[in-house]
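Descriptive structure summary
So the chains spell out like this:
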Amino acid sequence: MSATKSASKSFFRSEKWQKYIASMKYAKYVLFHPFDGFWDLVHERRGSIAAATTYLFLFLITRVIQLMFTNFQFINVPLQYINIFEQCASLLFPFLLLCLANWSLTTLFDGKGRFSDIYMAMCYALVPYTLIQLPLVFVSNIIAFDEAAFYTVLMSVSTAWCVFLVFIGLMQVHDYTPGKTVIFLIATVLGLLIIIFLLLVFLSLLSDALSYFISLYREIAFRLY
Amino acid sequence: MTVKVMHRLLALIMTVIMFASININTALAADDGYPVSYTYNYDYWGDIRESPDAYRVDQVIYSVDLGLDTAMRKPQSLFVQGNDLYVCDTGNNRILHLNRNGNEFTLVRVIDTVLGAEPNTFNTPNDVAVDPEGNIYVADTNNSRVVMMDKDLNYVQQFVKPTDSTFDQSLSFLPNKIVVDKSGRVFVLASNVNKGLVKFEANTTFTGFVGANKVSYNFFDYIWKMYFSTKEQRAQQVAFVPTEYCNIYMDADSFIYATNISFSEYDLLSDVAQPIRRLNGIGNDILIKNDRYPPIGDLYWVEQSIPMGPSKLVDITVLDNDIYIAVDQTRGRIFGYDSQGIMLWAFGTTGNSEGTFTSAISIEHMGKDLLVLDQNGGNITVFTPTEYGNLIYDASESYLKGDYDGSAEKWEEVLKLNANYNLAFIGIGRSLLRQDEYIKAMEYFEMAHDRDNYGRSFRLYRKVWVEENIGWVVAVLACLVIIPLVKHSVNKIRMEVAAYERNQVRK
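In this report, the structure presented in the accompanying data block is examined. Quick caveat: nothing in here was measured; it's all calculated off a predicted structure. Throughout this document, residue positions are counted from 1 along each chain, in the order its sequence is written. Key to labels: chains lettered from A, ligands numbered from 1, both in the order written. Confidence filtering applies because this is a predicted model: local features only for residues at pLDDT of at least 70, side-chain atom pairs given and counted only at 80 or more, and all residues used for totals across whole chains, interfaces and linings. The basis for every side-chain value is the complete set of heavy atoms in the structure, and neither hydrogens nor water enter the calculation.

1. A closer look at the overall build of chain A
Numbered from the N terminus, helices here are DSSP runs of H or I no shorter than four residues, and strands are runs of E no shorter than two. Of regular secondary structure, chain A possesses 9 helices and 0 strands. For chain A, the α and β elements follow one another from N to C terminus as α-α-α-α-α-α-α-α-α. Based on C-alpha atoms, the radius of gyration is set beside the globule rule, defined as 2.2 Å times the residue count to the power 0.38. Over its C-alpha trace chain A gives a radius of gyration of 23 Å, far above what one expects of a compact globule, namely 17 Å for 225 residues. In terms of its C-alpha atoms, chain A occupies a principal-axis envelope of roughly 70 × 55 × 50 Å. Across the 225 residues that make up chain A, the buried fraction comes to 37%. Here Asp and Glu are counted as negative and Lys and Arg as positive; His is not counted, and neither are the chain ends. Lysine's charge is taken at NZ, arginine's at CZ, aspartate's at CG and glutamate's at CD. Of the side-chain charges in chain A, 15 are positive and 12 negative, and the distance between the mean point of each set is 12 Å. Three exposure classes are used, based on accessible area relative to the maximum for each residue type with a 1.4 Å probe and protein chains only: buried under 20%, partly exposed in between, and exposed over 50%.

See below:
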């Protein structure tokens, strides 16, 4: 009993945990001082992958809570057809692909950021979504449909803030000029499409190959039978 | 030999079982776009929901039953006045006058000559109308006239091609559909006139066009045509012209309902195509659309995996309670909408059995009974509302009258027969809201996904709640303000004490 207590105590006093808490708290600085914040996040090692992943999970959880508990006046979700894991995957997969596409492009055009840096910056940029939309789920249950303006404005503010942070984040991580960042954002989207295309081609080839072997097996099985 | 037969039999049985199981599967699936029963409705998500039958076939009237020597050939239109039914038997150049007595339809007379007119016979008449005095109007298409006769078939006057300069004189005047209002004004839907309905005063003078279809064109088509085509190319391309209506109907308040079947099908769901319109005096569309989906007929256009295109609403009729009913030729289907544009039911299909159509062309109502004309079969199907159909009518009629609680009782009855009926939930919710039962009303509105009414009752509920719990609300708010204030001042005093002590020590 006392042993586990002391162990947990020592865990919360450990340097690792302190670093994690500090990097979590650092998000507040990033939100309001994005230029400084993102620079120090990666170049001064103020952020951590653990904290970034935590924020990514919070984002996914926010999305799920939003789908489940937002009042029906403000959201159109046929809950009977919704699969939570599908929803999470549909956010997580493009997000990671976007990071990958950005990394594969910028690494060729003297971007300073490593993959982990890009991932970290993108995750920290998602914080406003969680911060604003989670309380909005509660708010949606205490306002009526004709007061929706309040709700929609805050929704768009959160999205705009996220986009702004992604832009600044990538700019600081790669040490790019704003113009170059814009060009590479567009290129990243194109890269994303190419990756998806290649994945689809690969999958269809795979299924063709598989069906070939399956039919081969069947043919043999029938002959022998 | 017998083994072979046995094999074949087995194979046959297997295929039958396979087909049966496929059919069972489609019947079980909720959202595959196939109608699975004769009568259905759409829920909030646009999924098809089976429903009890709103109408049943009462009888089918064939030419033989009426004692006609020559069967009806390509009849195009029906007209009802009181118990009289007029059938425009286009292919035989005649009008049939039928009378309904109880459930029996009998032939009164065959109208094929107009006494004293020149010419005195019809040439492919496409529509017939009767005014309150009993004068009969016939759209005598290939004679280029609308001929008017009194009830004894004596020629009165005719409406011919206007000599006015607004009417393109190079076109021939081919009246296709007509309606006559209470004061004897005639509105003509003429083929190849795209400026709208041709309007004649009671004294046959032409007074202009009413309610032209809006010209619709694609943005890119416009740019291409205006800036990238030569004059010669432009002359060869199709001009941007409004399309013609398909059919017209005049309701009890003298508003003209028009249906339209030529549009791009992608404009349907965004409500640009507007296949059903209600035209006011100056020709603007004033149809009310308060549903999530506009009144376009079917929302799914693929049937048994064959794309059949959108519903082709060839005719429309309006009941006295402002419920309008349109008939679709593509799938032989009949759609009922209430005055708010909310679908009440849809039923019917193509086929040769009773209650199905090979090519429905016209619809009329006699009281609440529906009469549907099939142009290929040359028969008229009479539908009467079932208990369920009548309940829906009663409920919406008592609501229109202002008897909200009576209407709610009717909706309760409807819900017992069909638990998927959104309108019933809204009707009951409204009545509950009037009785200040906010929470219950909110439950009903939520089931029907009615945001506006839910919001309304929620605001009232919130007001009551805040008034009841104002003490707690103030207390919590006060705590939220006071606790940090106290904390702050306590900290401040502590700091001062500490600073004072430090000074003391230093001294």
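Moving on, there is more to tell.
2. Observations regarding the packing of aromatic side chains
Given two aromatic rings, their pairing is described by the distance between the two centres and the angle made by the two planes. Here the aromatic set is Phe, Tyr and Trp, taking the six-membered ring for Trp, and pairing holds for ring centres within 6.5 Å; pairs whose planes are under 30 degrees apart are stacked, those over 60 apart are edge-to-face, and all others are tilted. Summed over all chains, the structure comprises 39 aromatic pairs over all chains. Judged by centre distance (5.2 Å) and plane angle (70°), the ring pair of A:Tyr212 and A:Phe213 falls under edge-to-face. Using a relative accessible area of 53% as the deciding quantity, one classes A:Phe213 as exposed. Centre to centre, the rings of B:Phe173 and B:Phe200 are 6.1 Å apart; their planes meet at 75°, and the pair counts as edge-to-face. On the criterion of sequence distance, the pair formed by B:Phe173 in the loop between strand E11 (155–159) and strand E12 (174–180) and B:Phe200 in strand E14 (residues 197–200) is long-range, its members being 27 residues apart. For the pair B:Phe173 and B:Phe200, one class covers both residues: buried. Here a set of aromatic residues connected by ring pairs shows up, and it is made of B:Tyr38, B:Tyr55, B:Trp345, B:Phe347, B:Phe357, B:Phe383 and B:Tyr393. Positioned above the aromatic ring of B:Tyr44 is the side chain of B:Arg292, whose terminal nitrogen or guanidinium carbon lies 4.2 Å from the ring centre. Two conditions define a charge located above a ring, namely a distance within 6 Å from the ring centre to NZ of Lys or CZ of Arg, and an angle within 35 degrees of the ring normal.

3. So, the sheet that holds strand E28 (residues 369–374) of chain B
Residue and element names in this part refer to chain B. The antiparallel open sheet is built from 4 strands, whose spatial order is E3-E29-E28-E27. Here the strands that pair on one side only, and so sit at the sheet edges, are strand E3 (55–61) and strand E27 (360–366). For this sheet the average axis-to-axis angle between neighbouring strands, irrespective of direction, equals 25°. Whether two strands pair comes down to DSSP finding at least two bridges between them. Sheet topology places E3 next to strand E29 (residues 379–385); 6 bridges connect them, and they run antiparallel. Bridging from a neighbouring strand, Tyr55 pairs with Pro385 of E29. Interaxial angles span 0 to 180 degrees and are taken between N-to-C directions of axes, which are lines fitted to C-alpha atoms, for helices over the stretch in contact.

4. Describing the nonpolar core
We define a nonpolar core as any set of buried Ala, Val, Leu, Ile, Met, Phe, Trp, Tyr and Cys residues linked to one another through side-chain atoms lying within 4.5 Å. Judged by nonpolar contacts, the single largest core of 45 residues is most densely connected at B:Ile325, B:Ile334, B:Trp345, B:Trp411 and B:Tyr421. Per-element tally for this core: the top contributor is helix H6 (residues 422–434) of chain B, with 7 residues. Should any heavy atoms of two residues lie within 4.5 Å, those residues are counted as being in contact. Beyond its immediate stretch of four places on either side in the chain, B:Trp345 contacts B:Thr39, B:Tyr40, B:Asn41, B:Ala54, B:Tyr55, B:Ile325, B:Ile334, B:Phe335, B:Gly336, B:Leu370, B:Ile392 and B:Tyr393. Core analysis: the next-biggest nonpolar cluster, separate from the first, contains 43 residues, A:Ala52, A:Val64, A:Met120 and A:Ile132 among them.

5. A look at the pattern of salt bridges
Between Lys or Arg on one side and Asp or Glu on the other, a salt bridge is scored when a side-chain nitrogen of the former is within 4 Å of a carboxyl oxygen of the latter. Enumeration over the complete set of coordinates arrives at 22 salt bridges over all chains. What emerges from the salt-bridge pattern is a single network uniting A:Asp146, A:Glu147, B:Arg459 and B:Arg462.

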